[in-house]
Amino acid sequence: MDISILPPELIRIVISAVIIIAFVFLNAMVLGYAERKLAGYIMRRPGPMEVGPQGILQLMIDGVKLIGKQLIVPKESGHALFRIAPLLAFIPVGLAFVVIPFSDKLQARDLDVGLVFMLAIMSVNVVAVLVAGWSSNNKYSLFGAIRSVAQNVAYEIPMLLSLLSVVLMANTLSLKGIVLAQHPVWYVVCQPLAFIIYFVAGLAETNRAPFDLPEAESELTAGFHTEYSGMSFSLFILAEYTNMFFVCSIAVVLFLGGWSGIPLPFYAYSGGIWFLLKVYALLFVMIWVRWTYPRVRFDQLLNFCWKYLIPFSLVNLMLTAILVKLWPVVF
Amino acid sequence: MNEYFSDLFSGAKSLLVGLSVTIREMFKPVVTVQYPREKLEITPNFRGHTELVKDPETGTHKCISCMMCQKECPSDCIRVKGEKREGVKGLALVSYSLDFTKCSLCGTCVEVCPTAALEYSQEYELAGYSSDEFRFDLLKRLEER
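Note that the coordinates shown come from a computational prediction; the quantities given were computed from them, not determined experimentally.

Teacher, can you tell me more about the overall build of chain A here?
The secondary structure content of chain A amounts to 12 helices and 0 strands. Reading the secondary structure of chain A in the N-to-C direction produces α-α-α-α-α-α-α-α-α-α-α-α. By its C-alpha atoms, chain A is 70 × 60 × 45 Å across when sized along the principal axes. For chain A, buried positions account for 40% of its 331 residues.

Right, dumping it as C-alpha cells:
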C-alpha cells in the first residue's frame, strides 16, 4: 500500500502513539525491574536472578503471564464501570506525554498551559481509582479508593502551591518556556523548599510508600485493585509507573532545568539524554524512599499535609510573590 | 510553636538518617546464597542421620553387634543383626538398619556405642518419593562409601 495518500499529520499521530505506548511499557519494565533489584540490594539480597542474566527478563515474563491470565469480573460488581476503570487509568498516560519537553525539539506540542494540562491529566488517575474501588463492590477496594481520594485531594494543594511559586518566577505555564527561563540557575537553587514540598506531595500523589495507604497490602490486601486480574491489573500498574515518570519529569522540568546539561552533539535532540538521566535519578530516589520508610498512619498523613506542607508552601509562595514584585524595583 | 519546629527538625533528621542507612546497606555485598548452585559449608557439629564409622586401619566398620544402640533407642528405629562366624571374635555384623522416618536425632546411639562405631553424617539434602527411601541399611551404605 502506498502510504503517501494518507495525510502526513495522521501518520505522525500514529507513529507518536506507537512510540508513546512502547515507551510506557518499556518504562514500566525498567522501573519494575529497578524496583525489585534495588529493594533486593537494600535488603542485601540479589533480587530477581533466574530469568535471563541477572534476572533482566523477569518483567517480560511477568508481562506475558499477566497477558495470559483471565480477566475475572466479580458477579456483584458494577460490570461496565469495573471494565472502564483500568482504561480510565491508562488513557491519560498517553495524553500527558504530549507536552513533556524531552529536549529542545523532542516535544509533541508546546501548549501555553502545558503545566496545567499535565496536572489536570494526571488528576484523572484519582477518578480511575475511585471508579475501580467503587465498582469492585468489595470493602477493601472501597477503602483503598476512599483513602486514595482523601490523600490526593489533600496533597494536590501543596503540590500546586509549590509549583505556582516556580511559575511566578518563570512567568509562563508552558513547560518549554519554564525550561528556557532557568537558563543561568536551575530553580532548585532558588526554590529548594518548593522542590522538597513538590517531591513529597508527588510521592503521595502517586500512592508510593510511605504514602501507599490506598494499596496497603497488610491492611487492604491490594486496595482498589484487589479484584483486578490479568491485563486490567497490569494497566493499573502501568499507569502507576507512568505517573511516577510524570511526577519526576515535572520536577525535572520545573526545578532541574529540563534537558539542560553538558552540550552533546545534536543537542536539540540529544538533550533528551540529560532529561531522562535526571528523571531516572529522581525515580531512583523514589524507590530508595519506598524501601526505607514504613507506611504512615492515616492521621499522620493528613496532619503532615495540613500542618506542615500547606503552611510552608503558602509562606514560600508569598515570599516568592513579594520577591518577584520587588526584584525589578530594588535592582 | 517551639515544639512544632523541633518536631520538624528532628523528624527531618531522622528521615535523612534512615535514608543514609539504606543507601549504605545497598552497597554492601549481597548475603544470599544461591542454594542449589552454591552451598555453604556445614558445621562439623551437624547432626544428620547416623552412619557407621570406617576404621582406617581395617577398612571396615567397628561394630561388635552389642545391640546397645538398639536397646537404648527411644524411637525404636535401629535393628542390628549379628551372627557367630568362624574366626571372628564376638558377633559379626550382618545388617544395621536405621529407620530414619522414626529417628528423632537424639544421638543416644552415638553416645552409648562402646567402640565409637557410629557418627553423624553431613547429609542434609534428604528428599524422596516414598518412606522406603529413608529406611537405610548402614552396612550397605558403608560398603558403598
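What am I meant to see in the confidence of the model for chain B here?
Parts of the prediction with low pLDDT should not have their coordinates interpreted in detail. Residue and element names in this part refer to chain B. For chain B, per-residue confidence averages 85 on the pLDDT scale, and residues scoring 70 or more make up 100% of the total. No element of chain B has a lower mean pLDDT than helix 4 (residues 138–144), which averages 79, and none a higher one than helix 3 (residues 108–112), which averages 89. Model confidence for the complex is summarised by a pTM of 0.80, with the ipTM given as 0.73.

Help me out: how do you make sense of unusual backbone geometry in this one?
Most peptide bonds adopt trans geometry, and most residues besides glycine take a negative phi value. Residues and elements named next belong to chain A. Even without being glycine, Asn137 reaches a positive phi, approximately 55 degrees. Looking at the element boundaries, Asn137 is found in the loop between helix 4 (114–135) and helix 5 (139–170). Unlike most non-glycine residues, Asn207 shows phi in positive territory, near 55 degrees. Along the chain, Asn207 falls in the loop between helix 8 (192–205) and helix 9 (217–220).

Sorry, what's going on with the domain arrangement of chain B here?
How big an interface is tends to be stated in terms of the accessible area lost upon association of its parts. For chain B, the assigned domains read domain 1 (1–31) and domain 2 (50–144). Here the C-alpha centroids of domain 1 of chain B and domain 2 of chain B sit 59 Å apart.

Just to check I follow, could you spell out the nonpolar core for this structure?
Nonpolar side chains in soluble globular proteins generally cluster together in the buried interior. Core analysis: the biggest nonpolar cluster contains 73 residues, and Ala96, Cys248, Ala251 and Leu254 of chain A have the highest contact counts within it. With sequence-adjacent residues up to four places away left out, Ala96 of chain A is seen in contact with Met118, Ile121, Met122 and Phe246 of chain A. Within the second largest apolar cluster, 15 residues are counted, among which are Cys69, Cys73, Ile78 and Leu93 of chain B.

What is the right way to look at the environment of Arg109 of chain A in this model?
Residues and elements named next belong to chain A. Within the element layout of this structure, Arg109 appears in the loop between helix 3 (79–96) and helix 4. By the C-beta count within 10 Å, which is 8 here, Arg109 ends up exposed. Residues within four places of Arg109 in sequence aside, it is in contact with Val98 and Val99.

What is the right way to look at helix 4 of chain A in this model?
Every α-helical turn comprises 3.6 residues, leaving residues that sit three or four positions apart pointing alike. The end-to-end C-alpha separation of helix 4 of chain A is 32 Å, in line with the 32 Å expected for 22 residues at 1.5 Å each. Two residues or fewer after helix 4 of chain A comes Asn137 of chain A, characterised by a positive phi angle close to 55 degrees.

Hey, could you run me through the interface of chain A and chain B in this one?
Contacts between chain A and chain B engage 11 residues on the former and 12 residues on the latter. Of the residues that constitute the side of chain A that touches chain B, the class distribution is 8 nonpolar, 1 polar and 2 charged.

Rules and cut-offs
Residues numbered from 1 in each chain as written. Chains lettered and ligands numbered in written order. Predicted model: local features only at pLDDT ≥ 70, side-chain atom pairs only at ≥ 80, totals over all residues. Helix = DSSP H or I, 4+ residues; strand = E, 2+ residues; numbered from the N terminus. Buried ≥ 20, exposed ≤ 12 C-beta atoms within 10 Å, placed from the backbone. pLDDT = per-residue confidence, 0-100. Domains from an automatic or database assignment. Core = buried A, V, L, I, M, F, W, Y, C linked by C-beta atoms within 7 Å. Contact = placed C-beta atoms within 7 Å. Expected span 1.5 Å × (residues − 1). Nonpolar A, V, L, I, M, F, W, Y, C, P; charged D, E, K, R; others polar.

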